[in-house]
Amino acid sequence: MNPLDAIATAAEAISWVALPIGIVLLIAGLGRRAWSNRYASVKAVVTAVTGDYATLRWFGEGGALHESTEHLDGRVPAVGDARTIWVHPSRPESLRLDDPAHDGRVLLTTGGILTAVGAIAVVLSFVLPLL
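Conventions we followed
Residues numbered from 1 in each chain as written. Predicted model: local features only at pLDDT ≥ 70, side-chain atom pairs only at ≥ 80, totals over all residues. Heavy atoms only, no water. Pairing = 2+ DSSP bridges. Helix = DSSP H or I, 4+ residues; strand = E, 2+ residues; numbered from the N terminus. Core = buried A, V, L, I, M, F, W, Y, C linked by side-chain atoms within 4.5 Å. Buried < 20%, exposed > 50% of the residue type's maximum accessible area, 1.4 Å probe, protein only. Contact = heavy atoms within 4.5 Å. Expected span 1.5 Å × (residues − 1). Bend = angle between axes of the 7 residues up to and from the residue. Polar contact = N/O pair within 3.5 Å; in protein donor to acceptor, adjacent residues only side chain to side chain.

Novice: Would you mind going over the pairing of strand β5 (residues 91-96) in detail, with residue names and values included?
Specialist: Regular strands place side chains that alternate from one sheet face to the opposite one. As paired elements, strand β4 (residues 82-88) and β5 share two bridges and run antiparallel to each other. Across the sheet, the residue bridging to Trp-86 is Arg-96, located in β5. Hairpin connection from β4 to β5: two residues lie between these consecutive antiparallel strands.

So this is what it looks like as structure tokens:
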């Protein structure tokens, strides 16, 4: 067995691990990204502040009024301040304080790296024994 055959065998083993995991992570990342793209930004008004908690009110679709008390990090706003929140159409009564544009980024990056490594390993496992 020459060194190229040993490298081809190792590349095949790497491809069996990296490629399926990478594909699963890519699918999960794309699903998470598709879910987060449905969030809509809404302006909410702070109606009460108690310590680090603020009560926010906003109007949903159809003019429905929603209210939620959330823990706020950083600067605590004053009563009457407006704040941008994100609301999912399937759950208009719950809100997000962070921008959902970054959802799925880690899954997509890790899945892309593992898929690329697995694809390169597949190519190496086929080409190296031919040399």
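Novice: Before we move on, can you summarise the nonpolar core with the specific residues and values?
Specialist: Within the largest apolar cluster, nine residues are counted, these being Ala-44, Val-46, Ala-54, Leu-56, Trp-58, Leu-72, Ile-85, Val-87 and Leu-95. Those elements giving two or more residues to this core turn out to be β1 (40-50), β2 (53-59) and β4. If one sorts the elements of this core by residue count, β2 sits on top with three residues. Residues within four places of Ala-44 in sequence aside, it is in contact with Leu-56, Arg-57, Trp-58, Asp-81, Ala-82, Arg-83 and Ile-85.

Novice: Tell me about helix α2 (residues 105-127), and please be specific about residues and values.
Specialist: Spanning 23 residues, α2 covers 33 Å between terminal C-alpha atoms, matching the ideal 33 Å at 1.5 Å per step. What α2 keeps buried is the set Gly-111, Thr-115, Gly-118, Ala-121 and Ser-125. Looking at the buried residues of α2, the elements they touch are α1 (3-36).

Novice: Tell me about α1, and name the residues and values.
Specialist: Counting along an α-helix, one turn takes 3.6 residues, and residues three or four places apart therefore face a common direction. Along its 34 residues, α1 runs 48 Å from first to last C-alpha, staying within 8% of the 50 Å computed at 1.5 Å per residue. The largest bend in α1 comes to about 30°, at Ser-15. Every buried residue of α1 is listed here: Ala-8, Ala-11, Ser-15, Ala-18, Gly-22, Gly-29 and Ser-36. Its buried side turned inward, α1 meets α2. Sitting at the head of α1, Asn-2 places a side-chain oxygen 3.2 Å from the backbone nitrogen of Leu-4.

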